[in-house]
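# Commentary on secondary and tertiary structure
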Amino acid sequence: MMIITSTFSKGLIIFLVYYLTIISILTSNEAAKRENVITERFITITGPTPQDLLAQDNDKEFEEKLVDGEFLTDQQIDLIMGSIQLGIKHEIERRPPNPELNSLPDDFKVISKMTFDNWRDTNNNIQYPDFSFSTYAPLTFHYFRRLFGINPKDYVASFCNSPLNELANPGASKSLFYLTPDDKLIMKTVQQTEDECLLRLLPSYTTYLTDNRESLLPKFSGFYNFQSKSIDNKFVSMNNLLPSNIKMHQKFDLKGSTLGRKASDSEKKKNSPTFKDLDFNCELHPEGIFLKQDTRLALLKAIEKDCKILKDFNIMDYSILIGVHYIDRALKTVDKTLQKNDDLKAAAKRWDRLMTDSVGEKSIQVEAWPVSDENDASLSGSIPAMSVNGEKLLLFVGIIDILQTFRTTKSLEHSLKSFKLKITPGVTETANSFSVQRPEFYASRFLKYMTNSVFKSMLSPQELQKLSEQQVGIPLSSKRGCTNIASNSHKLFN
């Protein structure tokens, strides 16, 4: 007994040392991230840098004020964003509209850099800070824009004619998002590990998107780096999945995991909250969303192919973003501040056409423009569906957050969560329910979840009505153990 106890004690001590070491590493990483965020978001255009300010006063209250942005005025934000727009404009306009793409394989490692010194906009009386602007793989992204049907002049007009609008982040990343005024494109900031992943991915990503136009992966259209004084900010431009001219009644960020995958109370109070897996499974769509058989099979095939290439590049922790527009609900309650009657009628016509015609996912995704009577380009790629209650839905679907590889920190995160799961009393979930998994398992679980829980085969009106009636009055605890899962999530993450 003494030997057993001694062995156990030594093992416990070794584990605690290992555990505390990991915590120390992760804490230092978080501190480094925080410092980078301060530098990135809160640099002043003139005067002292954030490091100088912090050196003057190390008081915690002072640092919190700085992080809250009190040292970055609206004018300074406008100057930074204006500088980025200026860089994009000059980068696109200084190149021929139809460059030769024969040297595309050699372009993946090219960085084109411009320097702007003492630049002034005389028309608007704006003095920009000195900055440099770099474009990664310029020919490659020109090829992508051509592939996605984006004209260079339209690209410049989208990004550079008016100020960009900041968006709430629909995913789990810490990135900042900006939307172009015409609603077509998004700019997203990327971290160092993400930009490294994108550059490694480019050659295969180029071939894959060329051969798979129906892909749900982000359609990257530019990769840039802005530097001014101590600010060093990389960002990508990509397609906007969720148009704002028609109302998104629901938004979902789904991974196929359960623990911790529930929207917080504060998130639910937002005007346009982003719900997660448990919200989808247990409350809003416990029976899934119903699609025509040919559309469903083609959609799942596209997801399967996308998961395969992500797995091959050791990528995991991605999500599928689903925006849900309720056709009849929108027609009954028109919100004039968000959409016009013409937009709603166009959405309804698209639903009717695609539900009547035999249209596969490939045809839906690759159509460049809608048919004339729908008269709304923002609807292109949207998918018709129905709820269990027989409500007409228009879905906007895409895979997001694809630049996370299974690195050492992700492996440590999985190990720590697994240990916490084992030592938490009353938790019956396994480590397979975590979001962070090895890419092979993650892809398999992701596809299984989309197939079995999210996208279901269309039922007849009578079958939908029967299924809907069966759901009435069913307590939450009866729905796939939702109460237990939610309780376990609370124990582990609170």
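Residues numbered from 1 in each chain as written. Predicted model: local features only at pLDDT ≥ 70, side-chain atom pairs only at ≥ 80, totals over all residues. Heavy atoms only, no water.

The protein chain has the name PIPK domain-containing protein in an unreviewed UniProt entry, where Acyrthosiphon pisum is given as its organism.

### Topic: the packing of aromatic side chains
One pass over the structure, following the stated rule, counts 18 aromatic pairs. Measuring from centroid to centroid gives 4.4 Å for Tyr136 and Phe223, while their planes differ by 25°, and the two rings are stacked. Linking Tyr136 in strand E4 (residues 131-136) with Phe223 in strand E8 (residues 220-228), this pair joins segments that are 87 residues apart in sequence. Phe223 shares its class with Tyr136; the two are buried. Taking the centre distance of 4.8 Å and the plane angle of 70° together, the rings of Tyr318 and Tyr442 count as edge-to-face. (Phe/Tyr/Trp six-rings, centres within 6.5 Å; stacked < 30°, edge-to-face > 60°. Helix = DSSP H or I, 4+ residues; strand = E, 2+ residues; numbered from the N terminus. Buried < 20%, exposed > 50% of the residue type's maximum accessible area, 1.4 Å probe, protein only.)

### So, the packing of helix H6 (residues 138-147) against helix H8 (residues 192-211)
At a closest axis distance of 11 Å, the pairing of H6 and H8 adopts a crossing angle of 20°. The pairing of H6 with H8 is recorded here as roughly parallel in orientation. Between H6 and H8 lies a crossing of left-handed hand. Here Thr140, Phe141, Tyr143, Phe144 and Leu147 of H6 come into contact with H8, specifically with Leu202, Tyr205, Thr206, Leu209 and Thr210. The residue inventory of the contact of H6 with H8, partitioned by class, reads seven nonpolar, three polar and no charged. (Axes fitted to C-alpha atoms, helices over the stretch in contact; angles between N-to-C directions. Parallel < 35°, antiparallel > 145°, perpendicular 65-115°, else oblique. Left-handed = near helix turned anticlockwise from the far one by under 90°. Contact = heavy atoms within 4.5 Å. Nonpolar A, V, L, I, M, F, W, Y, C, P; charged D, E, K, R; others polar.)

### Here we look at the pairing of strand E7 (residues 185-190)
Taken across its six residues, E7 has six buried, putting it largely inside the fold. Of the two faces of E7, the one carrying Leu185, Met187 and Thr189 and the one carrying Ile186, Lys188 and Val190 are both buried. Sheet topology places strand E6 (residues 177-179) next to E7; three bridges connect them, and they run antiparallel. Among the inter-strand pairings, Phe177 is bridged to a residue of E7, identified as Lys188. As paired strands, E7 and strand E9 (residues 231-239) are joined by six bridges and run antiparallel to one another. (Pairing = 2+ DSSP bridges.)

### Details of the side chain of Ser319
Note on placement: Ser319 falls in strand E13 (residues 319-326). Overall, Ser319 belongs to the buried group, its relative accessible area being 0%. Discounting residues that sit within four places of it in the chain, Ser319 has contacts with Asp253, Leu254, Lys255, Gly398, Ile399, Ile400 and Phe446.

### Here we look at the pairing of E13
With eight of eight residues buried, E13 lies mostly within the body of the structure. Burial along E13 is two-sided: Ser319, Leu321, Gly323 and His325 facing one way and Ile320, Ile322, Val324 and Tyr326 facing the other are all buried. For strand E10 (residues 250-254) and E13, the ladder comprises five bridges, and the chain directions are antiparallel. Bridge pairing in E13 places Gln250 opposite Val324. Across eight bridges, E13 lies against strand E15 (residues 392-400) in antiparallel orientation.

### Let's talk about the confidence of the model for the protein chain
A residue-level look at the protein chain finds 67% of positions with pLDDT of 70 or above and a mean pLDDT of 76. Across residues 368-373, confidence stays below pLDDT 50; counting only partners more than four residues off in sequence or on other chains, it has six contacts. (pLDDT = per-residue confidence, 0-100.)

### What to know about the sheet that holds E4
Sheet strands associate in pairs through backbone hydrogen bonding, adopting either a parallel or an antiparallel arrangement. With antiparallel pairing, seven strands are arranged side by side in an open sheet as E1-E4-E8-E9-E7-E6-E5. Edge positions in the open sheet fall to strand E1 (111-116) and strand E5 (165-167), since each of these has one partner strand only. Geometrically, the sheet is characterised by an average inter-axis angle of 25° between neighbouring strands, direction not taken into account. Note: E1 against E4, six bridges, orientation antiparallel. Across the sheet, Ile111 pairs through a bridge with Tyr136, a residue of E4. The strands touched by helix H7 (residues 152-160) are E7, E8 and E9; relative to E7, the strand with the most contacts, the crossing angle is about 70°.

### What about the packing of helix H4 (residues 74-93) against H7?
The angle between the axes and the distance between the axes are what describe a pair of packed helices. The N-to-C vectors of H4 and H7 enclose an angle of 170°; their axes lie 9 Å apart at closest approach. In terms of orientation, H4 lies roughly antiparallel with respect to H7. Taking contact as the criterion, the partners of Gln85, Ile88, Lys89, Ile92 and Glu93 in H4 are, on H7, Pro152, Tyr155, Val156, Phe159 and Cys160. Looking at side-chain class alone, the contact of H4 with H7 contains seven nonpolar, one polar and two charged residues.

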